[in-house]
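Take a look at the letters that make up each chain.
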Amino acid sequence: MTAKPQLIVKGRKFDQVLEGARIVFMRDGFERASVDDIAREAGVSKATLYAYFPDKRLLFLEIASAECRRQAADAESDIDRDAPIDVVLRVAAQRITAFMLSDFGQRIFRIAVAESENFPAVAHEFYHSGPKLVKDRIAEALRCATERGELVIDDIPFAAAQFAQLCKVDIQDRVIFTPQPCCTKADTTRVIEGAVSMFMARYGAKT
């Protein structure tokens, strides 16, 4: 499977192929996932699979980016841009931690890191459709709040990156290095509230 990404096509079994591949990639990882297993799980022939995705890497990128975009869209739909910024940030933090702790979030992160040297496009796609997209959405919320006078921020992209990192404090390391399950609801609540409080203490407009 070596064709270039621009050869991707869609058809009536496109979503069926994606779901089958998603199951196999999450179960076996990128390298161990075989085309035969993906086709079997999807209930299609190898010829059909190749017609949609001539490259296994392209198939993985499609799954990773689609899921990250879906997560970002769901998070955005939950956010009321007219709400106070601390409320907006709390919802964003809840979404970030939930994705980080989800089975998909953990597996896609591990695969992206594992393949980053031999297949940097995986890590690149994960970053731009996941972490970067999240930071861009947070930056937009911060920009609106700054215009309303709720926040005082000189470097909005940097502040958005800071908040995203605050949401990972302790949790990310425990997800990566400790046996599952790693975090309780109390753990995540402590991180979320700490992230919002620290961010508001630094950037909240002083009355």
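Under the annotation held in an unreviewed UniProt entry, the chain carries the name TetR family transcriptional regulator and is attributed to Cypionkella aquatica.

A. View of the overall build of the chain. Looking only at helices and strands, one finds 11 helices and zero strands in the chain. Seen in sequence order, the chain has helices and strands lined up from the N terminus as α-α-α-α-α-α-α-α-α-α-α. A sequence separation of at least 24 residues applies to 71% of the contacts in the chain between residues at least 6 apart. In the form shown here, the chain has an accessible surface area of approximately 11,200 Å², with 55% of it arising from carbon and sulfur atoms.

B. Structural view of the nonpolar core. By size, the foremost hydrophobic cluster in this structure holds 32 residues, and its most contacted members are Phe25, Leu49, Phe53, Leu59, Phe60 and Ile108. Elements supplying a minimum of two residues to this core: helix 1 (14-32), helix 2 (35-42), helix 3 (46-52), helix 4 (56-78), helix 6 (103-115) and helix 7 (120-129). With eight residues, the single largest contributor to this core is helix 1.

C. Here's a closer look at helix 2. When we look at burial in helix 2, the residues that qualify are Val35, Ile38, Ala39 and Ala42. Burial along helix 2 is one-sided: seen end-on, the buried residues are contained in an arc of 95°. Taken from the residues just after helix 2, Gly43 is the one with a positive phi, measuring 75°.

D. Up close: the packing of helix 9 (residues 156-166) against helix 11 (residues 185-203). Axis separation between helix 9 and helix 11 bottoms out at 9 Å; the angle between their running directions is 155°. Classified by the angle their axes make, helix 9 and helix 11 are roughly antiparallel. In this structure, helix 9 meets helix 11 at a crossing whose hand is right-handed. Between helix 9 and helix 11, the residues in contact are Phe158, Ala159, Gln162, Phe163 and Leu166 and Val191, Ala195, Val196, Met198, Phe199 and Tyr203, respectively. Looking at side-chain class alone, the contact of helix 9 with helix 11 contains 10 nonpolar, one polar and no charged residues.

E. Seen up close, unusual backbone geometry. Positioned with a positive phi, Asp170 is a non-glycine residue whose angle comes to about 70°. Position of Asp170 among the secondary structure elements: in the loop between helix 9 and helix 10 (171-177).

The rules we used
- The numbers attached to residues start from 1 for each chain and follow its sequence in the written order.
- Per-residue local features of the predicted model are confined to residues with pLDDT of at least 70, and side-chain atom pairs are confined, for both listing and counting, to 80 or more; whole-chain, interface and lining totals are unaffected and use all residues.
- Side-chain numbers come from the whole structure's heavy atoms, not from hydrogens or water.
- Numbered from the N terminus, helices here are DSSP runs of H or I no shorter than four residues, and strands are runs of E no shorter than two.
- In what follows, a contact means two residues having at least one pair of non-hydrogen atoms within 4.5 Å.
- All accessible-area figures derive from a Shrake-Rupley calculation using a 1.4 Å probe, and residue coverage is judged against the displayed protein chains alone.
- Residues grouped as a nonpolar core are buried Ala, Val, Leu, Ile, Met, Phe, Trp, Tyr and Cys residues, joined through side-chain atoms within 4.5 Å.
- Relative accessibility under 20% of the residue-type maximum defines a buried residue, over 50% an exposed one, and the middle range a partly exposed one, all with a 1.4 Å probe and only protein chains included.
- Here the arc refers to the directions that run from the helix axis out to each C-beta atom.
- To get an axis, fit a line to the C-alpha atoms, keeping to the stretch in contact for a helix; angles then go from 0 to 180 degrees between the N-to-C directions.
- Throughout, the term roughly parallel applies to angles under 35 degrees, roughly antiparallel to angles over 145, roughly perpendicular to angles from 65 to 115, and oblique to all others.
- Crossing handedness is defined as follows: a turn of the near helix away from the far one that is anticlockwise and smaller than a right angle gives a left-handed crossing, while the clockwise case is right-handed.
- Note that Gly is not counted as nonpolar here; it falls among the polar residues with everything else outside the nonpolar set of Ala, Val, Leu, Ile, Met, Phe, Trp, Tyr, Cys and Pro and the charged set of Asp, Glu, Lys and Arg.

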